[in-house]
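Topology and contacts: notes
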Amino acid sequence: MLNTIQDRQSRTRRPSRAVRTTGSLVAALGLAALLSGCQRSDQTLFLGDMASGYNREIFFMSLWAIALSVIIFVGVSAALFYTVQKFREDKNPNAPQQFHGNNRLETLLVAVPVVIVILLSVLTVRSMARLNPVPAGTPKIDILGKQFWWNFAYPATTADAGGVVTNGNEMVMPAGRLVTLNVTSGDVVHGFWAPNIGGQRAAIPSVVRTWNVDTDRPGVYQGNCSQLCGASHANMRYKVIALSQERYDAFLAAAKAYRAPAPAAGSAEERGYNLFVNGKPETGALACAACHRVQGTPAAGAAGPDLSFFGTRRTLGAGMWEGDKARDMLEPWIKNSPEVKPGSLMPTYDGSEYTVSGKKQKGGVLTDDEIGDIAAYLRSLRLPDDADYWRDTPVIKNISAPGGQQ
Ligand code: CUA
């Protein structure tokens, strides 16, 4: 007998190799999460936010579905209870009457589910017919998801300096009206998911998916990627900033007129600008402009998020850090972003190795001062104060009841 007591004891004492491997993997992941120092947003993702007409429609449709399910549950339970009581063995000592074939019963058993399915289909199609049509004149936002960040472009607004007005990782939209989103992906499948404004759509390469979202309540909402897309899937976040129509118009007008401010001669911003646009070929430091766009400058790269209004943003690393933490993390981020955000495709600037398309590359080298100069330049890329979409916009947290706030 192979299964000896000793054998069993040793097995209980020592977990199998698979268990041990999984255990250390879990521990390593936990440790990595701790060490990465990433920030948890205190904003909730709330599907039942009734400030969104989209969510209200889905909510009332689901009430119908729940009501139908309750009726079915009660009906089936009653029938079961009745049958069990009526045909108990102690009340029916004889073998039950045997029969097969009952046209009326069989027709009923087919008809009832068919009616239920038709009813649910009609309700679903009715909701789709209400939600899907894109009314003429809705503001449109083109969304591009990539590993691991988002760009939000305003296709109807061409900047005076050329190119379409675009913001990275912070989506500004008007409140109180429908907004049409067109979402796609530049690499793998991602998921656009900002439940407070309604709905969720997969971002699929070479496919554009269109739908309408809305919220009645101006505020800052949380969005996340909802499709497992790689090492930093969980760090592929964004903010949705819903503004009153007036403030939204002010944002868009300022964004249209925006040209990155020309840095003063001899300033840190000017040194940062030069490094940003040209890199530092003698130490192998690549130019930021190869991958990033800054409106009103020669920087027109499209491989990374748009940085035109970087100084106005309050998040960094696609929502990985917020507020003061985002401010503090900027220099470490430029220095070695794959170290602080797993899977980040940005080159390193401290000479360490990084991976692009599975190939190891040696990073270029910038001094801490030079990195500080680039950070100073980035922080100077601000929209005018009256177009700062964060200013006085309430951050919506912990909505616990339909229609609830803060
Ligand atoms: Cu992108 Cu998950």
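Everything that follows concerns the structure shown earlier in this document.
Keep in mind it's a predicted model, so treat the numbers as computed, not measured.

On to the sheet that holds strand E1 (residues 140–146). Reading across from one edge, E3-E2-E1-E5-E8 is the order of the 5 strands in this open sheet, with mixed pairing throughout. Two strands in the sheet have a free side with no partner beyond their single neighbour: strand E3 (164–168) and strand E8 (209–213). Strand-to-strand twist in this sheet, taken as the mean axis angle between neighbours without regard to direction, amounts to 25°. Both strand E2 (residues 149–158) and E3 contribute to a ladder of 4 bridges, which runs antiparallel. By the bridge assignment for E3, Ala153 is matched with Thr166. Sheet strands in contact with helix H5 (residues 245–257) are E2 and E3, and its direction is about 85° off that of E2.

Applying the stated criterion across every chain, the model contains 14 aromatic pairs. Ring plane angle 70° and centroid distance 5.4 Å describe the contact between Phe59 and Phe60, whose orientation is recorded as edge-to-face. On the basis of relative accessibility, which here comes to 33%, the residue Phe59 falls in the partly exposed class. Take Phe60: its relative accessible area is 48%, and that puts it in the partly exposed class. When the ring of Phe276 is compared with that of Tyr377, the centres are 5.6 Å apart and the planes differ by 55°; the resulting orientation is tilted. Remark: Tyr377 occurs in helix H9 (residues 368–379) and Phe276 occurs in helix H6 (residues 268–278); sequence separation between them is 101 residues. For Phe276, a relative accessible area of 1% gives the class buried.

What follows deals with the environment of Ala65. With respect to the element layout, Ala65 can be found in helix H3 (residues 53–86). Spatially, the C-alpha atoms of Ala65 and Thr124 are 9.7 Å apart, while their sequence positions differ by 59 residues.

On to H5, then. End to end, H5 covers 18 Å across 13 residues, agreeing with the expected 18 Å (1.5 Å per residue, within 8%). The inward-facing, buried residues of H5 abut E2, E3, strand E4 (170–174) and strand E10 (237–243).

Glancing now at helix H7 (residues 323–335). In H7, a bend of some 45° at Met329 exceeds every other bend along the element, and Pro332, a proline, comes one to four places later. Burial in H7 covers these residues: Ala326, Met329, Leu330, Trp333 and Ile334. Those residues of H7 that are buried lie in contact with strand E11 (315–316), strand E12 (321–322), helix H8 (337–340) and H9.

Here the focus is the pattern of salt bridges. Counted by the stated rule, this structure contains 13 salt bridges. The salt bridge involving Asp216 is made with Arg56; its shortest N-O contact spans 3.2 Å. One end of the pair, Asp216, is in the loop between E8 and strand E9 (219–225); the other, Arg56, is in helix H3, and 160 residues separate them in sequence. Of the charged contacts in the structure, one is a salt bridge between Arg379 and Glu331, with a shortest N-O distance of 3.4 Å. On the criterion of sequence distance, the pair formed by Arg379 in helix H9 and Glu331 in helix H7 is long-range, its members being 48 residues apart. Looking at Arg379, the relative accessible area reads 23%, which means it is partly exposed. Through salt bridges with shared partners, a single network forms among Arg382, Asp385 and Asp388.

Definitions and limits used
Residues numbered from 1 in each chain as written. Predicted model: local features only at pLDDT ≥ 70, side-chain atom pairs only at ≥ 80, totals over all residues. Heavy atoms only, no water. Pairing = 2+ DSSP bridges. Helix = DSSP H or I, 4+ residues; strand = E, 2+ residues; numbered from the N terminus. Axes fitted to C-alpha atoms, helices over the stretch in contact; angles between N-to-C directions. Contact = heavy atoms within 4.5 Å. Phe/Tyr/Trp six-rings, centres within 6.5 Å; stacked < 30°, edge-to-face > 60°. Buried < 20%, exposed > 50% of the residue type's maximum accessible area, 1.4 Å probe, protein only. Expected span 1.5 Å × (residues − 1). Bend = angle between axes of the 7 residues up to and from the residue. Salt bridge = Lys/Arg side-chain N within 4 Å of Asp/Glu carboxyl O.

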